[in-house]
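A structural walkthrough
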Amino acid sequence: MTRLEQIVQGLYSKLSGISGLYVMRLRVFEENELPASNLLIESVQASDRNVIGAQDWDVKFSVLSLVGGDAPFAALEVRRTLIHTALLTDVRLGGLITDITAHGFEMEPDDELPLVRLWQHFTLQYRNNSLLEA
């Protein structure tokens, strides 16, 4: 298992108490599956921070949550808080990473459906001693 796969598994484990959580789900959510959240890895890039014999990496990811109904903002706030708290209580993810940073959130009501999307953005940093593998 690569270091990145270990990190994604660690993120999933941290968020496993949240019902309807998926990792990199590409299929559209059906109404009967809501509320649901999807962890999306957006980019993995080598950082400018180098140490001898190792490389630091930045992983940008978001958690997209969807809640249906006519007044879902309270339900989204509960989900936002659960995700934020789960990810930021251990900023080293059990030693897998060096840090995790939250970059805020956005709520996006759907124009056609009684649905609201919540985007939460994060960056995590990790160090890998192998130059052959991110």
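Rules behind the numbers
Residues numbered from 1 in each chain as written. Predicted model: local features only at pLDDT ≥ 70, side-chain atom pairs only at ≥ 80, totals over all residues. Heavy atoms only, no water. Phe/Tyr/Trp six-rings, centres within 6.5 Å; stacked < 30°, edge-to-face > 60°. Helix = DSSP H or I, 4+ residues; strand = E, 2+ residues; numbered from the N terminus. Buried < 20%, exposed > 50% of the residue type's maximum accessible area, 1.4 Å probe, protein only. Lys NZ or Arg CZ within 6 Å of the ring centre and 35° of its normal. Patch = residues over 30% accessible without salt bridge, like charges linked within 9 Å, V, L, I, M, F, W, Y side chains within 5 Å. Areas by Shrake-Rupley, 256 points an atom, 1.4 Å probe, with all protein chains shown as cover. Salt bridge = Lys/Arg side-chain N within 4 Å of Asp/Glu carboxyl O. Expected span 1.5 Å × (residues − 1). Arc of directions from axis to C-beta. Contact = heavy atoms within 4.5 Å. Polar contact = N/O pair within 3.5 Å; in protein donor to acceptor, adjacent residues only side chain to side chain. Pairing = 2+ DSSP bridges. Core = buried A, V, L, I, M, F, W, Y, C linked by side-chain atoms within 4.5 Å.

1. Considerations on the packing of aromatic side chains
Evaluation of the coordinates by the stated rule reveals two aromatic pairs. Measuring from ring centre to ring centre gives 5.2 Å for F61 and F122, while their planes differ by 15 degrees; the resulting arrangement is stacked. Of this pair, F61 sits in strand 3 (residues 54–68) while F122 sits in strand 5 (residues 115–128), and the two are 61 residues apart along the sequence. Both residues of the pair, F61 and F122, belong to the buried class. Here the basic side chain of R25 rests over the ring of Y22, its NZ or CZ set 4.6 Å away from the ring centre.

2. Remarks on a nonpolar patch on the surface
Together, F73, F105 and M107 make up a nonpolar patch on the protein surface, roughly 270 Å² of accessible area in all. With respect to the secondary-structure elements, M107 resides in strand 4 (residues 99–109). Judged by relative accessible area, which is 31%, M107 ranks as partly exposed.

3. Overview of helix 2 (residues 73–88)
Between its first and last C-alpha, helix 2 extends 22 Å over 16 residues, near the 22 Å set by a 1.5 Å rise per residue. Taken residue by residue, helix 2 has L76, R79, R80, I83, A86 and L87 as its buried positions. The arc that holds every buried residue of helix 2, seen down its axis, measures 140 degrees, which confines them to one face. More than 90 degrees from the buried face of helix 2, the exposed residues found are A74 and V78.

4. Side note on the environment of Q120
As for its placement among the helices and strands, Q120 is situated in strand 5. Beyond its immediate stretch of four places on either side in the chain, Q120 contacts F61, S62, V63, R79, R80, I83, H84, G104 and F105. Polar contacts involving the side chain of Q120 include one to the main-chain carbonyl oxygen of R80, which spans 3.2 Å.

5. Re the pairing of strand 4
For a regular strand, side chains alternate in direction, first toward one face of the sheet and then toward the other. Bridge analysis of strand 4 against strand 5 gives nine bridges, and the strand direction is antiparallel. Bridged to E108 within strand 5 is R117. In this antiparallel pair of consecutive strands, strand 4 and strand 5, the connection spans five residues.

6. Describing the environment of Y126
Positionally, Y126 belongs in strand 5. Considered as a pair, Y126 and Q55 are 71 residues apart in the sequence and their alpha carbons are 8.5 Å apart.

7. What to know about the pattern of salt bridges
Summed over all chains, the structure comprises six salt bridges. In this structure, E33 and R25 form a salt bridge, with 2.9 Å as the shortest nitrogen-oxygen distance. Looking at E33, the relative accessible area reads 22%, which means it is partly exposed. The shortest N-O distance in the salt bridge between R127 and D56 comes to 2.6 Å.

8. Concerning the nonpolar core
One finds I7, L11, F61, L87, I97 and L124 to be the most contacted residues of the largest nonpolar core, which totals 20 residues. Those elements that place two or more of their residues in this core are helix 1 (3–15), strand 3, helix 2 and strand 5. Once residues lying within four places of it in the same chain are set aside, the contact partners of F61 are L11, L39, L40, I41, E42, L87, I100, Q120, H121, F122 and L124.

9. Some words on the pairing of strand 3
Burial runs high along strand 3: 13 of the 15 residues are buried. Across 14 bridges, strand 3 lies against strand 5 in antiparallel orientation. Within strand 5, the position partnered with W57 by the bridge is Y126.

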